[in-house]
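One-letter residues, chain by chain:
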Amino acid sequence: NWEILCTKYGLDFNNLSDSQKEELAILENAVGKSTGQSKVVAIPFAKAILDYSCSKKEDEIQGEKMYPFLIDAPFGDLSGDNLRNSAKKLHSFSNQVILMISPDSYNMVKDYIEPYVRSTVKLTKAASKNESIIGVE
């Protein structure tokens, strides 16, 4: 219900553009739910923020910017079709996507991601130390 959402966030519905209404709907649905829906919605929500950040603004002189996109959770927390469907589109998010994912989850989506992978790095917890070892594979 738009009226409830606008009241909740202190917005005037009549002054919102279509894209702002879409962002409001995404924001509302990104709130944690026990169904795991928030994990699925979080990735397109972050993508929308990235797209906006990279888009050319009227007051900018230097044009479009490209930012790397770092994804940790919730990507690795997804499973099944949710994980595979997200992986299929991941390469289109930015020129550089940095994905933090467990080896098991990576193996589930390797076929979708590997053609676009330039390099992989493995973080390994050092035994009995409060640090990780970074190794390029």
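Description of the structure in this document. (Residues numbered from 1 in each chain as written. Predicted model: local features only at pLDDT ≥ 70, side-chain atom pairs only at ≥ 80, totals over all residues. Heavy atoms only, no water.)

By the bridge criterion, five bridges tie strand β3 (residues 121-125) to strand β4 (residues 132-136) in an arrangement that is antiparallel. Counted as the bridge partner of Val 121 is Val 136 from β4. A loop of six residues connects β3 with β4, the two strands running antiparallel in sequence, and Ser 128 in this loop sits at a positive phi of about 55°. (Pairing = 2+ DSSP bridges. Helix = DSSP H or I, 4+ residues; strand = E, 2+ residues; numbered from the N terminus.)

All chains considered together, the criterion is met by two salt bridges. In this structure, Asp 81 engages Arg 84 in a salt bridge whose closest nitrogen and oxygen atoms are separated by 3.0 Å. On the criterion of helical spacing, the pair formed by Asp 81 and Arg 84 is a turn pair, its members being three residues apart in helix α4 (residues 80-90). The exposure class assigned to Arg 84 is partly exposed, which follows from its relative accessible area of 27%. In this structure, Glu 114 and Lys 110 form a salt bridge, with 4.0 Å as the shortest nitrogen-oxygen distance. (Salt bridge = Lys/Arg side-chain N within 4 Å of Asp/Glu carboxyl O. Buried < 20%, exposed > 50% of the residue type's maximum accessible area, 1.4 Å probe, protein only.)

Leu 50, Phe 69, Ile 71, Leu 78, Leu 83, Ala 87, Leu 90, Phe 93, Tyr 106, Val 109 and Ile 113 together form the largest nonpolar core, which totals 11 residues. Put simply, the parts of the chain that give this core at least two residues each are β1 (69-71), α4 and α5 (103-113). (Core = buried A, V, L, I, M, F, W, Y, C linked by side-chain atoms within 4.5 Å.)

Bringing α5 into the picture now. Every buried residue belonging to α5 is among Ser 105, Tyr 106, Val 109 and Ile 113, and all of these are buried. Seen along its axis, α5 keeps its buried residues to an arc of 95°; they face one direction. When the buried face of α5 is taken as reference, the exposed residues oriented beyond 90 degrees from it are Pro 103, Asp 104, Asn 107 and Asp 111. Looking at the buried positions of α5, the neighbouring elements they touch are α4 and β2 (97-99). (Arc of directions from axis to C-beta. Contact = heavy atoms within 4.5 Å.)

There is a patch of nonpolar side chains on the surface, built from Leu 70, Ile 98, Met 100, Val 121, Leu 123, Ile 134 and Val 136 and spanning about 680 Å² of accessible area. Of all the secondary structure elements, the ones that give two or more residues to the nonpolar patch are β3 and β4. One can find Met 100 in the loop between β2 and α5. (Patch = residues over 30% accessible without salt bridge, like charges linked within 9 Å, V, L, I, M, F, W, Y side chains within 5 Å. Areas by Shrake-Rupley, 256 points an atom, 1.4 Å probe, with all protein chains shown as cover.)

At a closest axis distance of 9 Å, the pairing of α4 and α5 adopts a crossing angle of 40°. Here α5 runs oblique to α4, going by the angle between their axes. Here α4 and α5 pass one another in a crossing that is right-handed. Of the residues in α5, those touching α4 at Gly 80, Leu 83, Arg 84, Ala 87, Lys 88 and Leu 90 are Ser 105, Met 108, Val 109, Tyr 112 and Ile 113. (Axes fitted to C-alpha atoms, helices over the stretch in contact; angles between N-to-C directions. Parallel < 35°, antiparallel > 145°, perpendicular 65-115°, else oblique. Left-handed = near helix turned anticlockwise from the far one by under 90°.)

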